Amino acid sequence: MSLRFVKELLLPPLESARRMFRTCLYRVRFAGRDVKIDPSSRVAWRSVIRTCGGGSISIGRSCEIHPFAMILTYGGHIAIGDNCSANPFVIVYGHGGVNIGNGVRIAAHTVIIPANHNAAADGTPLYQSGMSAKGIVIGNDVWIGAGARILDGVRIDNNAVVGAGSVVTRPVPAYATVAGVPARLIRNSRDPNTGGPG
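As a starting point, this report considers the structure included with it. What you are looking at is a predicted structure, and each value in this text was computed from that prediction instead of being measured. Residue positions are given per chain, counting from 1 as you read along its sequence in written order. Local features are withheld for residues below a pLDDT of 70 in this predicted model, meaning they are given only at 70 or higher, and side-chain atom pairs are given and counted only at 80 or more; totals for whole chains, interfaces and linings count all residues. As a rule here, side-chain values cover all heavy atoms of the structure and leave hydrogens and water aside.

With that settled, the discussion passes to the pattern of salt bridges. Salt bridge, as used here, is a side-chain nitrogen of Lys or Arg placed within 4 Å of a carboxyl oxygen of Asp or Glu. Considering all chains together, one arrives at three salt bridges under this definition. For R61, the salt bridge identified is with D82, shortest N-O distance 3.0 Å. One end of the pair, R61, is in the loop between β4 (56–59) and β5 (64–65); the other, D82, is in the loop between β7 (77–80) and β8 (85–86), and 21 residues separate them in sequence. Residue class for R61 comes out partly exposed when judged on its relative accessible area of 48%. Relative accessible area decides the class of each residue, using a 1.4 Å probe on protein chains only: under 20% of the type maximum gives buried, over 50% gives exposed, and in between gives partly exposed. With a relative accessible area of 16%, D82 lands in the buried category. In this structure, the salt-bridge partner of D157 is R155, at a minimum N-O distance of 2.8 Å. Residue classification places D157 among the partly exposed positions, given a relative accessible area of 24%. Judged by its relative accessible area of 44%, R155 is partly exposed. Secondary structure counts use DSSP, requiring at least four H or I residues in a row for a helix and at least two E residues in a row for a strand, with both numbered from the N terminus.

Strand pairing requires that DSSP identify at least two bridges connecting the strands. Bridge count between strand β19 (residues 161–162) and strand β21 (residues 176–179): two bridges; the pairing is parallel. Residue pairing in the sheet places V161 in a bridge with T177 of β21. In terms of strand pairing, β21 meets strand β22 (residues 184–188) through four bridges, oriented antiparallel. Note that in β22 the partner of T177 across the bridge is R187. Here β21 folds back onto β22 in antiparallel fashion, the turn holding four residues, of which G180 has a positive phi close to 110°.

All right, on to the nonpolar core then. Core analysis: the largest hydrophobic core is formed by 38 residues, its most contacted members being I49, I59, I71, I138, I150 and I156. Only β1 (35–37), β4, β7, β10 (98–100), β15 (136–138) and β21 provide two or more residues apiece to this core. Among residues more than four places away in sequence, those in contact with I156 are V137, I138, G139, V142, I150, V162 and V172. We call a set of buried Ala, Val, Leu, Ile, Met, Phe, Trp, Tyr and Cys residues a nonpolar core when their side-chain atoms join them within 4.5 Å. Pairs of residues are marked as contacts when any of their non-hydrogen atoms sit within 4.5 Å.

So, on to the sheet that holds strand β6 (residues 70–72). The strand order β3-β6-β9-β12-β17-β20 describes an open sheet built from six strands, whose pairing is parallel. Of all the strands in the sheet, the pair left with one neighbour each is β3 (48–50) and β20 (167–168). In this structure, strand β9 (residues 91–93) lies alongside strand β12 (residues 111–112), joined through two bridges in parallel fashion. Paired with V92 across the two strands is I112, which belongs to β12.

As summarised here, the arrangement of the six strands in space is β1-β4-β7-β10-β15-β18, forming an open sheet in which the pairing is parallel. Strand pairing shows two members of the sheet lacking a second neighbour, β1 and β18 (155–156), which therefore form its edges.

On to unusual backbone geometry, then. It is generally the case that most residues other than glycine have a negative phi and that most peptide bonds are trans. In this model, V181 is joined to P182 through a cis peptide bond whose omega is -10°. As for its position among the elements, P182 is in the loop between β21 and β22. With a phi angle near 60°, N83 is a residue other than glycine that sits in the positive phi range. Looking at the element boundaries, N83 is found in the loop between β7 and β8. The phi dihedral of N159 is positive, around 60°, even though this residue is not glycine. By secondary structure assignment, the location of N159 is in the loop between β18 and β19.

The subject of this paragraph is the side chain of D152. Note that D152 resides in the loop between β17 (149–150) and β18. Asp and Glu are treated as the negative residues and Lys and Arg as the positive ones, with His and the ends of the chain left uncounted. Although buried, D152 forms no salt bridge, and the nearest oppositely charged side chain, K134, lies 5.5 Å from it. Filtering out sequence-adjacent residues up to four positions away, D152 remains in contact with I113, P114, A115, N116, S132, A133, K134, G135 and I136.

Before going further, it helps to spend a moment on the packing of aromatic side chains. Ring pairs are drawn from Phe, Tyr and Trp, using the six-membered ring of Trp, whenever the two centres fall within 6.5 Å, and their geometry is named by plane angle: stacked under 30 degrees, edge-to-face over 60, tilted for the rest. Counting across every chain of the model gives three aromatic pairs. Ring centres 5.2 Å apart and planes at 5° place the aromatic pair F68 and F89 in the stacked group. In this pair, F68 sits in the loop between β5 and β6 while F89 sits in the loop between β8 and β9, placing the two residues 21 residues apart along the sequence. Arranged with centres 4.9 Å apart and planes meeting at 80°, the rings of Y74 and Y93 form a pair that is edge-to-face. Of this pair, Y74 sits in the loop between β6 and β7 while Y93 sits in strand β9, placing them 19 residues apart in sequence. When the NZ atom of lysine or the CZ atom of arginine is within 6 Å of a ring's centre and also within 35 degrees of its normal, the charge is said to sit over that ring. One Lys or Arg, R190, reaches over the ring of Y175 and ends 3.8 Å from the middle of that ring.

Structure follows, in structure tokens:
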């Protein structure tokens, strides 16, 4: 009996057992909260996933949420598609809503916050002046580099790349690479005039 045959024979039941175990584990860990995680996804025990002040969290198939990543709703809804990863120390807040597509890679220390304080001109203290929350949308197959900051109201379209340490304050078009503070277009792989391949 070959090793390959043994693997093909045992892998489906083993993976099925793992999914059943994760299903039970997630039900216990997130009992009483509006958190839905596909059992094929791996959520590190030392990650923080909470619904604070309402809202919901859904994580699709085959995702990886690494240790010390924080996903907190703060009253908003957070939806993460399939085949995504959130590396250590990623912070995602919900406030105005976050919708992350499929195949998104979020590098360590990235912060995604769909809310902003309203600074009052009349001398009202910042903590009393309220907040705005427009939400953030991240398309499919996006790569967000380490330490990036994605701010409220931003839409990042499919196949975009956000450079490490960037602060994204405006929409990012599909196939664009942006970097800097604030993030600026470096190239678009579909536009030969920006240095990308034609």
